[in-house]
Amino acid sequence: MTMRSPLPRLARTLRALPPSCGPVRVVGVDGHAGSGKSTFAARLSEALGGAPVLRLDDIATHEELFSWTERLGEQVIEPLSRGETARYLPYDWHARRFGAARALEPAPVVLVEGVGAGRRALRPRLALLLWMEHPADESWDRGRRRDGPEQSEFWEGWVAAEREHFAEDPSRPFADLLVRQCLKGYEVLPGPAAAAETTHAVTLRDDPSAVR
């Protein structure tokens, strides 16, 4: 017997949440670099009928790995809070400059995916925070393999910066759900901040073929 995917149920749960940023329900997907955030966010977006996904890799820069809160607020959060289309300048990590503006519509649910999505300054605007439950060292090793040896120097600096960020501004203690990648699919469990009467453990059997 084939088990039905609970992603549609999770999507219904997200749609039923109270708006957290104007008319928008902003859902954060946080975790260590290489923990699988991008793939999970993409699958969740599909279950939501194509919900917009903002990648924080497009907001951060080489010089501002984590000092992007003000730019995110001005270009994305403030317009969405007014029910307006946000327009942000995505950063090109190869050219080391910002590209042409991209539009981000004030959809019912907007996913914000990336390291720091659950940071202190953003949490008041989140309807829900998910944390990818994968060990830091294993996540970083996965990221290094993904990016190849030419990015080894960058990764050395990144790991130090990520450690410092989470030491000063941890996200996991405030997560509503913990997402674990399994052999086939995901396991989603109540997070540290979850209320027992409103959050339930579910097992996702989507058999993801890639991670990020």
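A quick note: this is a predicted structure, and the numbers were derived from the prediction, not measured.

Undergrad: Could you clarify how one ought to interpret the overall build of the protein in this entry?
TA: Within the protein, the regular secondary structure consists of 5 helices and 11 strands. Out of the 212 residues belonging to the protein, those deemed buried represent 50%. For the protein, long-range pairs separated by at least 24 residues make up 66% of all intrachain contacts whose partners lie at least 6 apart in sequence. For the protein, the exposed area adds up to about 10,600 Å²; of that, 50% sits on carbon and sulfur atoms.

Undergrad: Which parts of the structure should I look at to understand the pattern of salt bridges?
TA: Oppositely charged side chains may form a pair once their charged atoms are brought near each other. Under the criterion given, the structure shown has 12 salt bridges. Taking the shortest distance from any N to any O, the salt bridge between Arg55 and Asp57 comes out at 3.3 Å. The shortest N-O distance in the salt bridge between Asp147 and Arg146 comes to 3.0 Å. For Asp147, a relative accessible area of 24% gives the class partly exposed. A residue is classified by how much of its surface remains accessible, and Arg146, at 35% relative accessible area, is partly exposed.

Undergrad: So what exactly am I meant to see when it comes to the packing of helix 4 (residues 136-147) against helix 5 (residues 152-168) here?
TA: Any two packed helices are characterised by the angle at which their axes cross and by the distance between the axes. The geometry of helix 4 relative to helix 5 is characterised by a closest axis approach of 11 Å and an angle of 150° between their N-to-C directions. Judged by the inter-axis angle, helix 4 sits roughly antiparallel to helix 5. The handedness of the crossing between helix 4 and helix 5 is right-handed. For the pair formed by helix 4 and helix 5, the contact residues are Asp137, Trp140, Gly143, Arg144, Arg146 and Asp147 on the first element and Trp155, Glu156, Trp158, Val159, Glu162 and Arg163 on the second.

Undergrad: It is not clear to me how the packing of aromatic side chains should be interpreted in this structure. Could you clarify?
TA: The description of an aromatic ring pair rests on the distance of the ring centres and on the angle between the ring planes. Considering all chains together, one arrives at 7 aromatic pairs under this definition. Look at Phe66 and Trp158: their rings are 5.0 Å apart centre to centre, the planes differ by 35°, and that puts the pair in the tilted class. Taken together, the residues span a long stretch of sequence, with Phe66 in the loop between strand 2 (53-55) and helix 3 (69-81) and Trp158 in helix 5 at a distance of 92 residues. Across this residue pair, the class does not change: Phe66 and Trp158 are buried. Residues Trp131 and Phe166 carry aromatic rings whose centres are separated by 5.4 Å and whose planes lie at 75° to one another, so their mutual orientation is edge-to-face.

Undergrad: Please explain unusual backbone geometry as it appears in this structure.
TA: Phi is mostly negative for residues that are not glycine, and the peptide bonds are mostly trans. We note that Arg96 has phi near 60°; this positive angle belongs to a residue other than glycine. In this fold, Arg96 is placed in the loop between strand 4 (91-92) and strand 5 (97-98).

Undergrad: Teacher, can you tell me more about the environment of Pro79 here?
TA: Here Pro79 lies in helix 3. Along the primary structure Pro79 and Glu105 are separated by 26 residues, whereas in three dimensions their C-alpha atoms are 9.5 Å apart. Other than its neighbours up to four places away in sequence, Pro79 contacts Gly73, Glu74, Glu84, Thr85 and Ala86.

Undergrad: Would you explain the pairing of strand 9 (residues 177-181) in this entry?
TA: Regular strands place their side chains on alternate faces of the sheet. Relative to strand 9, strand 8 (residues 126-132) is paired through 3 bridges, and the arrangement is parallel. Of the residues in strand 9, the one forming a bridge with Leu130 is Leu177. Two elements, strand 9 and strand 10 (residues 186-190), share 5 bridges in a ladder whose sense is antiparallel. Within the sheet, the bridge partner assigned to Val179 lies in strand 10 and is Val188. Here strand 9 folds back onto strand 10, and the loop between the two strands holds 4 residues, one of which, Gly185, carries a positive phi near 90°.

Undergrad: Honestly, the nonpolar core in this entry has me stumped. Any pointers?
TA: In a soluble, globular protein the nonpolar side chains are often hidden away together inside. Within the largest apolar cluster, 36 residues are counted, with the highest numbers of intra-cluster contacts made by Leu54, Leu72, Val76, Leu104 and Trp158. Every element with two or more residues in this core is listed here: helix 3, strand 3 (86-88), strand 7 (109-113), strand 8, helix 4 and helix 5. At 5 residues, the largest contribution of residues to this core is made by helix 5. Among all residues touching Leu54, those that are not within four sequence positions of it are Ile59, Leu72, Val76, Tyr88, Leu104, Leu111, Val112 and Glu113. Counting residues in each nonpolar core, the second largest holds 21 residues, with Ala11, Val27, Val109 and Leu177 among its members.

Definitions and limits used
For every chain, the first residue of the written sequence is number 1, and numbering continues from 1 onward in sequence order. Note on the predicted model: pLDDT of at least 70 is required for a residue's local features to be given, and 80 or more for side-chain atom pairs to be given and counted; whole-chain, interface and lining totals, by contrast, use all residues. Based on all heavy atoms of the structure, the side-chain values leave hydrogens and waters out of the count. Each helix is a run of H or I in the DSSP string that is no shorter than four residues. Each strand is a run of E no shorter than two, and both are numbered from the N terminus. Throughout this description, buried means an accessible area under 20% of the type-specific maximum (1.4 Å probe, protein chains only), exposed means over 50%, and partly exposed covers the range between. Residue contacts are defined here by distance: any two heavy atoms, one from each residue, within 4.5 Å place the two residues in contact. Here the Shrake-Rupley method, with its probe set to 1.4 Å, supplies the accessible areas, and only the displayed protein chains count as covering residues. For this analysis, a salt bridge means a side-chain nitrogen from Lys or Arg found within 4 Å of a carboxyl oxygen belonging to Asp or Glu. Between the N-to-C directions of two axes lies an angle of 0 to 180 degrees, each axis being a line fitted to C-alpha atoms and, for a helix, fitted only over the stretch in contact. Here roughly perpendicular refers to angles of 65 to 115 degrees, roughly parallel to angles under 35, roughly antiparallel to angles over 145, and oblique to all remaining angles. Each crossing gets its handedness from the near helix: less than a right angle anticlockwise from the far helix is left-handed, clockwise is right-handed. Each Phe, Tyr or Trp ring, with Trp reduced to its six-membered ring, pairs with another whose centre is within 6.5 Å; inter-plane angles below 30 degrees give stacked pairs, above 60 give edge-to-face pairs, and intermediate values give tilted ones. Should DSSP find at least two bridges between two strands, the strands are taken to pair. Joining through side-chain atoms within 4.5 Å is the link that ties buried Ala, Val, Leu, Ile, Met, Phe, Trp, Tyr and Cys residues into a set, and such a set is a nonpolar core.

This is a description of form; function is not addressed.
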